[in-house]
Amino acid sequence: MTMAPGGKEAQVTDEVGAEAVLRTVDFGVAVTDLAGRLRWLNPAFATLLRVPEAQALGRSLPALLPGVPDGPSGGEPVLAPNSTGEPPTWLEITCTMLESGRELLYRAADITQWRDRELQAVHQAQALHRAQVLGQMGNWEWFVNDDRVLWSEALLEMLGYQPGAALTYAGYLALVPPEDRPLVDRAIQQSLTTGEKFSYTHRICRADNGDERIFECFGEVICDAAGAPERMLGTARDVTQSRQLHSELLRMADEDPLTGLPNRRALTRELERQLASGADGTLLLLDLDNFKDVNDLRGHAVGDRVMRTLGAALREKLRPGQLLGRLGGDEFAVVLPGVATEEAVEIAERLGAAVAALSVVAGGAATRMTASTGVAKFDPAGGWEAVLANADLALYASKGNGRNRVTVYDPAHYADTAKRVSVLDRLRRALERGGFALHAMPMVNLRTSRTVGYELLLRLEDGHQPTPGPAEFLPAAERSNLVHDIDRWVLGEAIDQLVRNPDPMLRFNVNVSGRTLEDEDFAAFVLDRLASAGVAPGRLGLEITETAAVTNLDAARHLAEQLRAIGCRITLDDFGSGFGSFVHLKHLPITGLKIDGEFVRGIDTGSRDGVLVTGIMEIARGLGLSAVAEWVERPTQVEALTRLGVRVAQGFHLGRPRPLPVVLAERKEQQNGIRRALPMPAETPEQPAVQP
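Model, not experiment: these values are computed from the prediction.

Draft legend 1. Looking closely at the nonpolar core. Counting residues in each nonpolar core, the largest one holds 72 residues, and the members touching the most others are Leu427, Leu491, Phe508, Leu542, Leu593 and Leu641. Here this core takes 8 residues from helix H18 (residues 482–500), the largest share from any one element. Formed by 27 residues, the second largest nonpolar core is a distinct cluster that contains Leu286, Val302, Leu310 and Val339.

Draft legend 2. Highlighting the packing of aromatic side chains. Evaluated as defined, the whole model comprises 8 aromatic pairs. Seen in terms of ring centroids, Phe436 and Trp489 are 5.8 Å apart; in terms of plane orientation they differ by 45 degrees. Their pairing is tilted. In this pair, Phe436 is assigned in strand S18 (residues 436–445) and Trp489 in helix H18, connecting sequence segments 53 residues apart. On the accessibility criterion, Trp489 (23% relative accessible area) is partly exposed. An aromatic cluster of at least three residues, connected via ring pairs, comprises Trp142, Trp151, Tyr169 and Tyr172. Arg148 extends its terminal NZ or CZ atom over the ring of Phe143, reaching a point 4.3 Å from the ring centre. Taking the ring centre of Phe525 as reference, the NZ or CZ of Arg488 above it sits at 4.8 Å.

Draft legend 3. Structural view of the pairing of strand S23 (residues 592–595). Side-chain alternation along S23 places Gly592 and Lys594 on one buried face and Leu593 and Ile595 on a second face that is also buried. The pairing of strand S22 (residues 569–575) with S23 spans 3 bridges and is parallel. When the sheet's bridge partners are listed, Thr571 is paired in S23 with Gly592. With helix H24 (residues 609–623) bridging S23 and its parallel neighbour strand S24 (residues 626–629), the resulting β-α-β unit is right-handed.

Procedures and definitions
- Residues numbered from 1 in each chain as written.
- Predicted model: local features only at pLDDT ≥ 70, side-chain atom pairs only at ≥ 80, totals over all residues.
- Heavy atoms only, no water.
- Core = buried A, V, L, I, M, F, W, Y, C linked by side-chain atoms within 4.5 Å.
- Buried < 20%, exposed > 50% of the residue type's maximum accessible area, 1.4 Å probe, protein only.
- Helix = DSSP H or I, 4+ residues; strand = E, 2+ residues; numbered from the N terminus.
- Phe/Tyr/Trp six-rings, centres within 6.5 Å; stacked < 30°, edge-to-face > 60°.
- Lys NZ or Arg CZ within 6 Å of the ring centre and 35° of its normal.
- Pairing = 2+ DSSP bridges.
- Right-handed = clockwise from strand over helix to strand, strands pointing away.

Set out below in structure tokens:
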């Protein structure tokens, strides 16, 4: 179409022609508004984005190609998204502002092949092409016979020189720190001798400002027809930033992010290094006692602050060469090279004193902590895993013997642990094969001698000897997640028995461990089982020890609120055993208390226990809570408790635990006419929330 010069049609024709050309080029071109929305793109750009042209228009370029510059920029390498499983595509993106000032022009080129074949380019015949590829990094060419070196402008700039500056190989080597020069010389000479390619990484100090950089160099030798070295071609890439990032990642891999101390990986590596070098010494494992209370009662922010402060305080108590690290949670370790066991115990006691001296202040109240420590010696004859295991066994013994103490590893600790592991294996099999049984302990009205409920107690009856009691196998279960499954089995079995025995006067209470309080799904499990079984919720009670409730206050309150809302009874067990018992009553929506047996033991001997029990009963009546006294073992205790207003109690004098099937069979026999049970009145504050 022929148009007059300067006519609009000629301008349109030119624009159309330009667009047609841009649609056929093999590099991507796109136009966006200042907000990054695509207004136009050619097929090559759409192909690089892996999005059809029509779908790309109007969409955000930064969303389609993360990392793309949002304003005028030189060549920026960007990794194109790829969800097809194909190799990644690297793009070089340039961005310029159009004359209108309202649009951005992007140019995208696929540089993947260039990146992958960077070194292969030096093998090509044409030096110009080689320089073009390598120039973005920096390249040099050494003519061996006349000892002349040509440096690319990019490389000269990297070295701190102006483009075109004269630089000899000796001048280049002078920029290399003396410690690294033998490495460079050795690589060059070996390549000249063997004809093989070379590579090396070295430091270099810029000529203009002395900044130390790290160069990664690759190259090869070009030989003449006779096989003699004629030229040497090389590239240099500044990898300072990537090396710094690599070093930082290594540091992070070996450092606890909260305290800045070495982490488990770094500690075990140091212990392994000491053993490999033939050294002996001692390893300490230090665990904070009840640190979880700090997090639960003071908040995790306070707990983190305490952990950082404690890490610094412990580090000050050690000498140079003694490595303190954090294994995780509230557990620390100390590697003490060349330190005998006796001195290690003194160091452990000094660290324990530092822990005890640290006061945690939050909300106007101060809390102090203690630490339990395990000590194990090491020597080249053993492996680091065994040393760590021995220290852990000693630490476990410190915890089991009352906490806040230092224990040196003894082979007997292994036997104790083996016994505990054996118990856990038996508990797992009991869950799988029906090796558990429930016994029922009656809770008795002291005035009428009538049983008003039963506390269900767990027994291990798997047919193997010896048979451990609850005091032996329950702590082992509570130290593992196995206790979650055990608590669910007990509760499920209790509900099943209530279904089989629909007597509305039959009421059970089951114990809930402190670990189960942390199970967010437990409340839903109880609600689902009660609903599917059709059991009146008031026939089931749950007991939570005061210690567990305080340690997991939020979890205990959440569980109690959900279950009490549908009519379940919630009892605070061992009431009075912990500090601030009365304060906790404000926060827990419970229905009853179980008076700790320590207050009942001497109730008939004229001790101060009577005053304390009287106070507990006054509080229970004032709050509308039921109260149950435990550990009743003789008639005189019954008389004393009755005088103090206690109406319900349990203990061996009132009825020992017996197998639940036997108890239920007797109740059925009574209901069948031998002796009908009296109707059970509605629960009043004087009735118990049956305890485990």
